[in-house]
Amino acid sequence: MSGLKSQSSQRIRRGFRFHGFRMLVAAVVILVTTEMLLIWSQNAFLRTTVADWGSVERSFPSELLILRKEHVLVAPIDGVVYPLVNAGSRVSRGESVLEIVNSRWEQKLTPELRKDLSHFSSKIATLAYQRQGLEQEIIERRKQREYLKRQTNLEKELLQVELEIAQLSNELSRINRKREDLLNDYERMNPDWSQNYVCLIADEPGIFWPALDGGEGLPDGTTYLPRAEDFSKNYKSSSPVLEKRVRAGQALGKVINGWEETIIAKVGAEALSFRPKEGMKCELILSDGQRSEVRFQSHVLAQKGEFWFFQDKSLVPSLLKKRKLRGYIVASRSTGIRLPRTSLVERTDGWKTITMRRGQKKEIPVEVVDTDDTWAIVKGVSLGTLILYR
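What you are looking at is a predicted structure, and each value in this text was computed from that prediction instead of being measured. (Residues numbered from 1 in each chain as written. Predicted model: local features only at pLDDT ≥ 70, side-chain atom pairs only at ≥ 80, totals over all residues. Heavy atoms only, no water.)

Novice: Pulling in residues and values, what's your account of the side chain of Thr385?
Specialist: Tracing the chain through its elements places Thr385 in the loop between strand S20 (375–379) and strand S21 (386–389). You can call Thr385 buried: its relative accessible area is 18%. Apart from residues lying up to four places away in sequence, Thr385 is in contact with Thr49, Val50, Ala51, Thr355 and Ile364. (Helix = DSSP H or I, 4+ residues; strand = E, 2+ residues; numbered from the N terminus. Buried < 20%, exposed > 50% of the residue type's maximum accessible area, 1.4 Å probe, protein only. Contact = heavy atoms within 4.5 Å.)

Have a look at this one:
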């Protein structure tokens, strides 16, 4: 009986040893298979590209507010408005931009008379600008005269200023007489013309735009400190009134003086470390995809971010239609050899990218210049180099 028990226990021990051996073999097989699958997966999902020339941009979503120096054009009489230049056109000082014709004169206004009236209006406007300039110059000379009167041993300089004031006053009188004579002569040839026809003239060089955006009361320039309500206010744009009947006192459009505007971009805290340097050229990307080059001028602190001031000279229509809009500010751009960001691996001795040479993977050390979520600008790789990436 004891012999049977001994044989049975020996068979049980041999069974356990055999089972343990099978478990060990299975574990080794699983380990080797897993390692092979890992190696395969690392290579199976690798894609190839070539090192190319490109850029990496740092752009930030922004609320935009436009500040402009502008002159609103207002109808002095009732009538129909006719454009003399296209919307968005650059106009010079004294150039005719709009004309208003009273319905009573529609039949009388021949093409020749219309041209004559426009030319006459331009001449009158030119004289008005000359008169304005002379009046300002006389004011400055009189200030200089008062200063010289309080000084000693400057009698010669005082006499010279007195002479200049007299000459300027005579020229101002001549301009006024010439203007009055022109008006009287034209009134005799075309009675009541001023009540039935008006040609509006640009008082400064700028951009003509035939509508308002609701923010014409805002100040212009970079010295303005923006307020939170400036960005939250609902600016209501007006529709163009070209070739439509208007009433006296109605706004018709405007001339944006100086061919430039200030754009205030409200950016979040994530943009602060990428603030451009003063005078740096940046790019503005509008919601419609249009891009405009702008120049950074200054910044002020805002709640949860900053206000960035830019100078814009493009004055593209997308910026003229509204006072407030959204877009992206491209604060920085790096250009050079560009690789997919996932082609980079970080080793203890620096960054590497992987290429294939003679069927074997080879790591190339690189210097990372800049990155974004998708791309990296690097040094150390030649154009056209085959690159592996995930």
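Novice: Explain the nonpolar core residue by residue, including any values.
Specialist: Core analysis: the biggest nonpolar cluster contains 21 residues, and Trp105, Leu109, Leu117 and Tyr197 have the highest contact counts within it. Of all the secondary structure elements, the ones that give two or more residues to this core are helix H2 (111–149), helix H3 (155–189) and strand S7 (197–201). Per-element tally for this core: the top contributor is H2, with nine residues. Contacts of Leu117, omitting those with residues within four sequence positions, involve Trp105, Leu109, Tyr186, Trp193 and Tyr197. With 19 residues, the next largest nonpolar core counts Ile263, Val267, Phe296 and Leu325 among its residues. (Core = buried A, V, L, I, M, F, W, Y, C linked by side-chain atoms within 4.5 Å.)

Novice: Just give me the short version of the pairing of strand S14 (residues 305–312), but keep the residues and values in it.
Specialist: Counted residue by residue, S14 has eight buried out of eight residues, so it is predominantly covered. The pairing of strand S13 (residues 291–302) with S14 spans eight bridges and is antiparallel. For Ala302, the partnering residue across the bridge sits in S14 and is Gly305. Between S13 and S14, which pair antiparallel and follow one another directly, the connecting turn spans two residues, one of which, Lys304, has a positive phi of 60 degrees. (Pairing = 2+ DSSP bridges.)

Novice: Describe the sheet that holds strand S8 (residues 206–209), listing the residues and the values that go with them.
Specialist: If you walk across this open sheet you meet the four strands as S3-S10-S8-S5, and the pairing is antiparallel. Bordering the open sheet on either side are strand S3 (70–74) and strand S5 (90–91), each of which pairs with just one other strand.

Novice: Explain the sheet that holds strand S4 (residues 79–83) to me, and be specific about the residues and the numbers.
Specialist: Here we have four strands laid out as an open sheet, ordered S7-S6-S4-S9, and antiparallel in their pairing. Of all the strands in the sheet, the pair left with one neighbour each is S7 and strand S9 (245–246). Pairing analysis gives five bridges linking strand S6 (residues 96–101) to S7, with the strands arranged antiparallel. Bridge pairing in S7 links Ser96 to Ile201. Lying on the sheet, H2 is in contact with S4, S6 and S7; it crosses S7 at an angle near 50 degrees. (Axes fitted to C-alpha atoms, helices over the stretch in contact; angles between N-to-C directions.)

Novice: Summarise the pattern of salt bridges; cite the residues concerned and give the values.
Specialist: Applying the stated criterion to the full structure yields 29 salt bridges. Residues Arg323 and Glu216 are paired through a salt bridge, measuring 4.0 Å at the closest nitrogen-oxygen approach. Linking Arg323 in the loop between helix H6 (317–320) and strand S15 (324–340) with Glu216 in the loop between S8 and helix H5 (228–232), this pair joins segments that are 107 residues apart in sequence. Relative accessible area serves as the criterion here: at 1%, Arg323 is assigned to the buried category. The salt bridge involving Arg291 is made with Glu283; its shortest N-O contact spans 2.6 Å. (Salt bridge = Lys/Arg side-chain N within 4 Å of Asp/Glu carboxyl O.)

Novice: Describe in detail the packing of H2 against H3, supporting the description with residues and values.
Specialist: Relative orientation of the contacting elements H2 and H3 amounts to 160 degrees, with a least axis distance of 9 Å. In terms of their interaxial angle, H2 and H3 are classed as roughly antiparallel. Like other packed secondary-structure pairs, H2 and H3 cross with a definite hand, here left-handed. Looking at side-chain class alone, the contact of H2 with H3 contains 17 nonpolar, four polar and 15 charged residues. (Parallel < 35°, antiparallel > 145°, perpendicular 65-115°, else oblique. Left-handed = near helix turned anticlockwise from the far one by under 90°. Nonpolar A, V, L, I, M, F, W, Y, C, P; charged D, E, K, R; others polar.)

Novice: Let's hear about the environment of Arg90: which residues, and what values?
Specialist: Of note, Arg90 is situated in strand S5. For the pair Arg90 and Trp209, spaced 119 residues apart in the sequence, the C-alpha separation amounts to 9.7 Å. Contacts of Arg90, omitting those with residues within four sequence positions, involve Glu95, Gly206, Ile207, Trp259 and Lys313. Within the structure, Arg90 has its side chain in polar contact with the backbone oxygen of Lys313 (distance 3.5 Å). (Polar contact = N/O pair within 3.5 Å; in protein donor to acceptor, adjacent residues only side chain to side chain.)

Novice: Go over H3, please, and point to the residues and values.
Specialist: Here H3 is 35 residues long and its end C-alpha atoms lie 52 Å apart, about the 51 Å a rise of 1.5 Å per residue gives. Among the residues making up H3, those that are buried are Leu158, Val161, Ile165, Leu168, Leu172, Ile175, Arg179, Leu182 and Tyr186. Looking at the packing, one finds that the buried side of H3 touches H2 and helix H4 (193–196). (Expected span 1.5 Å × (residues − 1).)

Novice: Residue-level account of unusual backbone geometry, with values.
Specialist: Leaving glycine aside, a negative phi is the common case for residues, and trans is the common case for peptide bonds. Non-glycine residue Asn153 carries a positive phi angle of around 60 degrees. Note on placement: Asn153 falls in the loop between H2 and H3. Judged by its relative accessible area of 66%, Asn153 falls in the exposed class. The backbone phi angle of Trp259 is positive, close to 60 degrees, even though this residue is not glycine.

Novice: I'd like a rundown of a nonpolar patch on the surface, residues and numbers included.
Specialist: On the surface, Val50, Met356 and Leu386 cluster together into a nonpolar patch covering about 210 Å² of accessible area. With a relative accessible area of 34%, Leu386 lands in the partly exposed category. (Patch = residues over 30% accessible without salt bridge, like charges linked within 9 Å, V, L, I, M, F, W, Y side chains within 5 Å. Areas by Shrake-Rupley, 256 points an atom, 1.4 Å probe, with all protein chains shown as cover.)

Novice: So what's going on with the environment of Gly253? Which residues, and what values?
Specialist: Position of Gly253 among the secondary structure elements: in strand S10 (residues 251–257). The sequence separation of Gly253 and Val72 amounts to 181 residues, and the corresponding C-alpha distance is 6.0 Å.

Novice: Tell me about the pairing of strand S16 (residues 344–347), residues and numbers included.
Specialist: Judged from the four bridges that link them, S16 and strand S17 (residues 350–357) form a sheet pairing that is antiparallel. Paired with Val345 across the bridge in S17 is Lys352. Adjacent in sequence and paired antiparallel, S16 and S17 are bridged by two residues.

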